[in-house]
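Reading the structure
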Amino acid sequence: QMQLVESGGGLVQAGGSLRLFCAASGRTFNNYAMGWCRQAPGTEREFVAAISWSGGSTLYTNSVEGRFTISRDSAENTVHLQMSSLKPEDTAVYYCAARRFTQPTMETYRYDYWGQGTQVTVSS
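Residues numbered from 1 in each chain as written. Predicted model: local features only at pLDDT ≥ 70, side-chain atom pairs only at ≥ 80, totals over all residues. Heavy atoms only, no water.

**Here we look at the environment of Pro104**
The topology assignment puts Pro104 in the loop between strand S9 (92-99) and strand S10 (113-114). Among residues more than four places away in sequence, those in contact with Pro104 are Ala33, Ala50, Ile51, Ser52, Ser57, Leu59, Arg99 and Tyr111. (Helix = DSSP H or I, 4+ residues; strand = E, 2+ residues; numbered from the N terminus. Contact = heavy atoms within 4.5 Å.)

**Remarks on the sheet that holds strand S1 (residues 3-7)**
Spatially, four strands are ordered S1-S3-S8-S7 in an open sheet, and the strand pairing comes out antiparallel. Strands with a single pairing partner mark the edges of an open sheet, and in this sheet they are S1 and strand S7 (68-73). Averaged over all adjacent pairs, the angle separating strand axes in this sheet is 15°, with direction ignored. The pairing of S1 with strand S3 (residues 18-25) spans five bridges and is antiparallel. Its bridge partner being in S3, Ser7 is matched across the sheet by Phe21. (Pairing = 2+ DSSP bridges. Axes fitted to C-alpha atoms, helices over the stretch in contact; angles between N-to-C directions.)

**A few points about the nonpolar core**
With 29 residues, the main nonpolar core has Leu4, Met34, Trp36, Leu81, Met83 and Tyr94 as its most contacted residues. Not counting residues within four places of it along the chain, the set of residues in contact with Met83 comprises Gly16, Ser17, Leu18, Leu20, Arg67, Phe68, Tyr94 and Val120. (Core = buried A, V, L, I, M, F, W, Y, C linked by side-chain atoms within 4.5 Å. Buried < 20%, exposed > 50% of the residue type's maximum accessible area, 1.4 Å probe, protein only.)

**Details of the state of the cysteines**
The final tally for this structure, using the stated rule, is one disulfide. Cysteine Cys37 is unpaired, with the sulfur of Cys96 as its nearest cysteine sulfur at 9.2 Å. (Disulfide = S-S within 2.5 Å.)

**Some words on the packing of aromatic side chains**
Per the stated rule, a full pass over the model turns up two aromatic pairs. Measuring from ring centre to ring centre gives 6.2 Å for Tyr32 and Tyr113, while their planes differ by 55°; the resulting arrangement is tilted. With Tyr32 in the loop between S3 and strand S4 (33-39) and Tyr113 in strand S10, this residue pair connects regions lying 81 residues apart in the sequence. Taking the centre distance of 6.2 Å and the plane angle of 65° together, the rings of Tyr111 and Trp114 count as edge-to-face. One residue, Arg45, lies across the ring of Tyr95, its end atom 3.7 Å from the ring centre. Over the ring of Phe29 we find Arg72; its NZ or CZ atom is 4.2 Å from the centre of that ring. (Phe/Tyr/Trp six-rings, centres within 6.5 Å; stacked < 30°, edge-to-face > 60°. Lys NZ or Arg CZ within 6 Å of the ring centre and 35° of its normal.)

**A word on the environment of Gly15**
Take Gly15: it is sitting in the loop between strand S2 (10-13) and S3. On the accessibility criterion, Gly15 (54% relative accessible area) is exposed. Expressed as a C-alpha distance, the spacing of Gly15 and Tyr60, which sit 45 residues apart in the sequence, is 19 Å. Once you skip the residues sitting within four places of it in the chain, Gly15 turns out to touch Ser85 and Leu86.

**Brief notes about the pairing of S7**
With burial as the criterion, only one face of S7 is covered, namely that bearing Phe68, Ile70 and Arg72; the residues Thr69, Ser71 and Asp73 on the opposite face remain uncovered. Examined bridge by bridge, S7 and strand S8 (residues 78-83) share six bridges and lie antiparallel to one another. Each residue of the ladder has a partner; that of Asp73, found in S8, is Thr78. Where S7 folds back onto S8 in an antiparallel hairpin, the turn is made up of four residues, including Asn77, whose phi is positive at roughly 55°.

Okay, structure coming up:
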């Protein structure tokens, strides 16, 4: 089992920034691609961003491309999501996820482990 714990969520005004953190434990971190997904009330969980085991490959959903940046620190076993130019439609619970393969994917069902989520609220 891999345990994932998110932090860094909160309330921010539109146009502002937030940085989300995900701490991983329990498995060899470098064997996993990592991702962030989000879920707003009444909607399905959607892919946001993902990064390969080495950090050399990243994926983003179109709506966050150019505004969000995913990164990982293998020494600290952490994954980060830097969010800028936030919009009210970015409001959701954000989940960190781990995949037992080295390459990232946009398909949320391919992720094997999930954190409990952290709330991000963007006010207009």
